[in-house]
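# Geometric and topological summary
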Amino acid sequence: MAAATGLIAGVSILAPLGAYAATDDHGGAARNDGDKTAAVRESIVDGPAKNVILLIGDGMGDSEITVARNYAEGAAGAFAGIDALPLTGQYTTYALNKDGTPNYASESASTASGWSTGTKTNNGALSVDIAGTPQSTLLELAKANGLRTGNVSTAEIQDATPGAQVAHISARGCYGPVKTTANCAAEALENGGLGSISEQLLTLRPDVVLGGGSATFTEKAVAGDWAGQTLFEQAADRDYQLVSDAAGLDAVTAADQSAPVLGLFTPGNFPTRWIGPEASVGGGDLAPVSCTANPERLDTGLSLASLTDKAIDLLSADSEQGFFLQVEGASIDKRDHAADACGQIGETIDLDEAVQSALAFAKADGNTLVVVTADHAHTSQIVGSTPPGLSVALTTEEGSPMLVSYGTAEAGESQQHTGSQVRIAGYGPGAANVLGLTDQTDLFFTSSNALALNTNLRSLSAAATLTLDQAAVAPGAAFTATGAGLAADWRATSEVSSSASTDPLGVVDVIDGRAVIVGTAPTAPGQYTVTLTGAQTGVSVSSVLTVAAAGTTPAPTVAPTPAPAGAVPGTGPTNGVAAGVAAAVGGLLASTGAQVAPLVGIAALLLAAGGVLVVVRRRRHGVL
Ligand SMILES: [Zn+2]
């Protein structure tokens with residue numbers, strides 16, 4: 001029997017050679033090369049990571065990836081970046097309505113807020129919850145934890161995806177002072193709010209910001225320290241390195257808190273890499289065409305991959321300090337809205353090249369988590385025959401026709417997002433957390449846990465100190481107060497007060513936790529308290545300033561308390577150089593002048609948000 005079976009088997013293999021030869025490689029489509037178990041096991045790496053790079057394809061659903069891959073790499077091909085991450089899952093992207101019920105069709109503001117803050121919100125809102133309360137973002141938390149930060153996009157830098165990392169505002173369109181006054185009045189600077197998206201960006205001060213959106217920076221602030229000046233003038237005054245072209249960016253050799261880089265290369269969004277016919281009714285019946293290079297595409301030194309390389313170079317220059325970087329390919333979404341297949345495909349290829357850059361760094365570095373995902377799915381679908389809606393026929397680079405359908409809006413209208421889950425893929429320490437089905441908000445925790453971020457902002461500024469350059473000064477004389485350790489504050493307010501008076505000393509930027517106030521002493525002799533308050537955390541530090549009457553010799557500076565008994569008659573027991581640390585926030589609110597009340601109110605909101613984040617994170621990890 002065995003011999004007969006062997007004979008039959010042999011015949012069955014040999015006889016039909018001609019008929020089945022084409023199936024010897026099973027169609028050539030298999031992507032696995034043997035058993036992957038060992039490779040997958042090896043790709044699961046424990047955190048923490050030193051760096052996190054998030055790459056977002058806006059509107060890059062599975063369909064958009066497939067359309068682009070078919071066109072550029074072939075149906076059996078693979079992107080060298082997007083398809084190369086070893087661990088892949090799916091995540092849900094729904095938004096909330098204001099009443100907390102689910103909104104199944106989300107957009108870029110609610111979705112970017114989801115992974116930026118870990119908190120779901122309503123469509124149109126940036127990094128506030130459905131009640132409007134600001135929620136700390138990954139970029140803010142990374143900075144407060146001492147990491148360097150970057151934000152790169154092919155869109156206007158105020159657009160929803162980059163905007164969600166840097167701003168807290170009720171409406172994503174409030175890019176600058178003009179729209180904020182009109183449409184986001186409660187958040188306008190003149191009403192005591194945090195200001196427009198651009199103004200919040202300038203205050204947060206990421207180390208590297210590269211993208212479009214320069215037009216908004218020509219608007220003038222209507223309130224605050226830079227009222228009447230353009231946002232460009234403000235940025236220069238706050239020591240940003242401003243660049244507007246490839247040569248300018250090339251000349252930048254360092255970017256840090258002393259001199260962050262703000263590169264704005266287009267008034268609006270970047271032009272896409274490719275152009276082609278927009279889909280039309282019956283377009284699928286036309287002769288298939290190929291995409292062509294867009295003559296308006298920016299210098300290759302400003303491609304998304306080049307910007308990603310530059311951002312990584314600048315952020316990784318200090319080998320001790322980790323970084324958080326977000327990179328967005330924005331126009332997959334924007335061209336999908338316009339039923340422009342070639343535009344969205346070219347942008348996907350640009351993003352793929354940026355992913356290759358990030359992976360190359362991560363592989364060499366060995367301590368970087370890279371995540372590639374989308375904010376929401378979109379319209380385009382590959383179909384087999386011309387549909388009733390819009391369509392376009394393309395000839396792919398492997399020479400076959402591909403019909404792409406856009407069926408969620410009429411011709412000339414904006415195609416809609418779709419509510420499908422999207423792909424999330426990861427490489428590096430902590431990447432296992434993308435596996436299976438997660439929600440977009442999980443990406444916040446995947447990233448913040450990978451970086452081991454302390455999400456309680458106030459605790460990060462709690463060890464702040466305040467030092468006076470001289471403990472005693474003549475009436476009306478200048479003095480300098482230096483705050484340090486305000487790690488989670490971007491601005492600090494200051495005042496000099498006594499039981500009889502309170503005078504504001506101004507608001508300054510906090511650079512690397514340091515705030516320097518140059519003040520003028522009161523003219524009435526006596527003892528005063530100089531107080532510095534972090535605008536984000538509400539942490540307050542103070543120091544005693546003695547104003548000695550003219551004609552008397554100011555007391556010499558002495559060591560901090562406890563002072564030796566009778567050491568310096570007349571100077572008082574608290575005449576020390578070292579600061580008193582961190583008054584309670586409650587006491588701070590009571591003693592803060594009206595001018596800074598709005599900032600402190602915001603700080604309190606952020607504190608509340610931080611508290612919530614800590615609780616949620618612990619719950620998810622079973623610590624509580
Ligand atoms: Zn969109």
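As the structure is a prediction and not an experimental result, all values here were calculated from the model. Here the residue index of a chain counts from 1 through its sequence in written order. With pLDDT at 70 or above as the cut-off, local features in this predicted model cover only qualifying residues; side-chain atom pairs require 80 or more to be listed or tallied, and sums for whole chains, interfaces and linings still use all residues.

### Focus on the overall build of the chain
For clarity, the threshold we go by: Elements are defined by DSSP. Helices are runs of H or I of four residues or more, strands are runs of E of two residues or more, and each kind is numbered from the N terminus. Exposure classes come from backbone-placed C-beta atoms, where a residue is buried if 20 or more other C-beta atoms lie within 10 Å of its own, exposed if 12 or fewer do, and partly exposed in between.
Check the secondary structure of the chain and you find 18 helices and 27 strands. In the chain, buried positions account for 51% of the 624 residues.

### As for the sheet that holds strand E19 (residues 465-468)
Here is the rule we go by: Strand pairing follows a simple DSSP-based rule, namely that at least 2 bridges must link the two strands. Interaxial angles span 0 to 180 degrees and are taken between N-to-C directions of axes, which are lines fitted to C-alpha atoms, for helices over the stretch in contact.
The strand order E19-E21-E24 describes an open sheet built from 3 strands, whose pairing is antiparallel. Lying at the two open borders of the sheet, with one neighbouring strand each, are E19 and strand E24 (515-520). In this sheet, neighbouring strand axes are inclined to one another by 20° on average, regardless of whether the strands run parallel or antiparallel.

### Looking at the confidence of the model for the chain
Here is the rule we go by: In predicted models, pLDDT denotes the confidence assigned by the predictor to each residue on a 0 to 100 scale. The contact rule is simple: place each C-beta atom from the backbone, and if two of them lie within 7 Å, those residues are in contact.
A residue-level look at the chain finds 84% of positions with pLDDT of 70 or above and a mean pLDDT of 88. Mean pLDDT across the elements of the chain ranges from a minimum in helix H17 (residues 585-591), with 29, to a maximum in strand E13 (residues 368-374), with 99. Low pLDDT (under 50) marks residues 1-18, which in the prediction has 0 contacts with non-local residues, meaning those over four places away or in another chain. With pLDDT under 50 throughout, residues 554-624 is counted as low confidence; its partners more than four residues away or in other chains account for 121 contacts.

### Quick word on the environment of Gly263
In this fold, Gly263 is placed in strand E8 (residues 261-264). For the pair Gly263 and Ser214, spaced 49 residues apart in the sequence, the C-alpha separation amounts to 8.8 Å. Setting aside chain neighbours within four positions, we find Gly263 in contact with Val209, Leu210, Val243 and Leu249.

### Observations concerning the sheet that holds strand E17 (residues 422-427)
In sheet architecture, strand pairing relies on hydrogen bonds along the backbone and comes in two forms, parallel and antiparallel. Pairing is mixed in the open sheet, where 10 strands are placed in the order E7-E8-E6-E5-E12-E1-E13-E17-E2-E18. The sheet is open, and its two borders are formed by strand E7 (241-243) and strand E18 (436-439), each paired with just one other strand. Going from strand to strand, the sheet's axes swing by 15° on average, the running direction of each strand aside.

### A closer look at the pairing of E17
The buried count for E17 comes to 6 of 6 residues, which makes it a mostly enclosed element. Residues of E17 alternate between two faces, with Val422, Ile424 and Gly426 on one and Arg423, Ala425 and Tyr427 on the opposite face, all of them buried. Relative to E17, strand E2 (residues 87-92) is paired through 5 bridges, and the arrangement is antiparallel. When the sheet's bridge partners are listed, Gly89 is paired in E17 with Ile424.

### What to know about the environment of Ala492
For Ala492, the position within the fold is in strand E22 (residues 491-497). By the C-beta count within 10 Å, which is 30 here, Ala492 ends up buried. The sequence separation of Ala492 and Asp509 amounts to 17 residues, and the corresponding C-alpha distance is 6.5 Å. Among all residues touching Ala492, those that are not within four sequence positions of it are Gly483, Leu486, Val507, Val508, Val510, Ala515, Leu532, Thr533, Gly534 and Ala535.

### Some words on unusual backbone geometry
In the segment running from Gly47 into Pro48, the intervening peptide bond is cis, with an omega of 0°. A positive phi is found at Arg205, a non-glycine position, where the angle reads about 65°. Relative to the helices and strands, Arg205 resides in the loop between helix H9 (197-204) and strand E6 (208-212). Judged by the 22 C-beta atoms lying within 10 Å of it, Arg205 falls in the buried class. Not every positive phi belongs to a glycine, and Asp239 is a case in point at roughly 70°. Tracing the backbone through its elements, the reader meets Asp239 in the loop between helix H10 (231-237) and E7. The exposure class of Asp239 is partly exposed, given the 13 C-beta atoms found within 10 Å.

### Concerning H9
Within H9, 8 of the 8 residues are buried, leaving the element largely enclosed by the surrounding structure. For H9, the elements touching its buried residues are helix H6 (138-144), helix H7 (160-166), E6, H10 and E22. One or two residues past the end of H9 sits Arg205, with phi positive at roughly 65°.

### Considering the packing of helix H4 (residues 62-72) against helix H14 (residues 341-365)
The condition that has to hold: Should an angle fall under 35 degrees it is called roughly parallel, over 145 degrees roughly antiparallel, and 65 to 115 degrees roughly perpendicular, with every other angle called oblique. All residues other than Ala, Val, Leu, Ile, Met, Phe, Trp, Tyr, Cys, Pro, Asp, Glu, Lys and Arg, Gly among them, are scored as polar; the first ten of these are nonpolar and the last four charged.
At a closest axis distance of 9 Å, the pairing of H4 and H14 adopts a crossing angle of 85°. The pairing of H4 with H14 is recorded here as roughly perpendicular in orientation. Two secondary-structure elements touch here, H4 through Glu64, Ile65, Val67, Ala68, Tyr71 and Ala72 and H14 through Ala341, Gln344, Ile345, Thr348 and Ile349. The residue makeup of the contact of H4 with H14, split by class, is 8 nonpolar, 2 polar and 1 charged.

### Regarding the nonpolar core
Inside soluble globular proteins, nonpolar side chains tend to come together where they are buried. To keep things clear, this is the line we draw: Defined on buried residues, the nonpolar core groups Ala, Val, Leu, Ile, Met, Phe, Trp, Tyr and Cys residues joined through C-beta atoms within 7 Å. Note that the domain bounds were set by an automatic or database domain assignment.
Of all hydrophobic cores here, the largest spans 139 residues; its most connected members are Leu55, Val370 and Leu545. At 11 residues, H14 tops the list of elements feeding residues into this core. Residue assignment places this core across two domains, with domain 1 (50-453) and domain 2 (458-563 + 570-611) each supplying three or more. Leaving out residues up to four positions away in the same chain, Val370 has contacts with Ile53, Leu85, Ala358, Leu359, Ala362, Gly426, Tyr427 and Gly428.

### Quick look at the packing of helix H12 (residues 304-315) against H14
The following threshold applies: By definition, any crossing whose near helix is turned counterclockwise from its far helix by less than a right angle is left-handed, and any crossing with a clockwise turn is right-handed.
Where H12 meets H14, the axes come as close as 7 Å, and the angle between the chain directions of the two elements is 25°. Taken together, H12 and H14 sit at an angle that is classed as roughly parallel. The hand of the H12/H14 crossing is right-handed. On H14, the residues touching Leu304, Ala305, Thr308, Asp309 and Ile312 of H12 are Asp350, Leu351, Glu353, Ala354, Gln356, Ser357, Ala358 and Phe361.

### Re helix H15 (residues 442-450)
The buried fraction of H15 amounts to 8 of the 9 residues, a majority that puts the element mostly inside the structure. Looking only at H15, the buried set comprises Asp442, Leu443, Phe444, Phe445, Thr446, Ser447, Ser448 and Ala450. Ala452 lies just past H15 and shows a positive phi near 50°.

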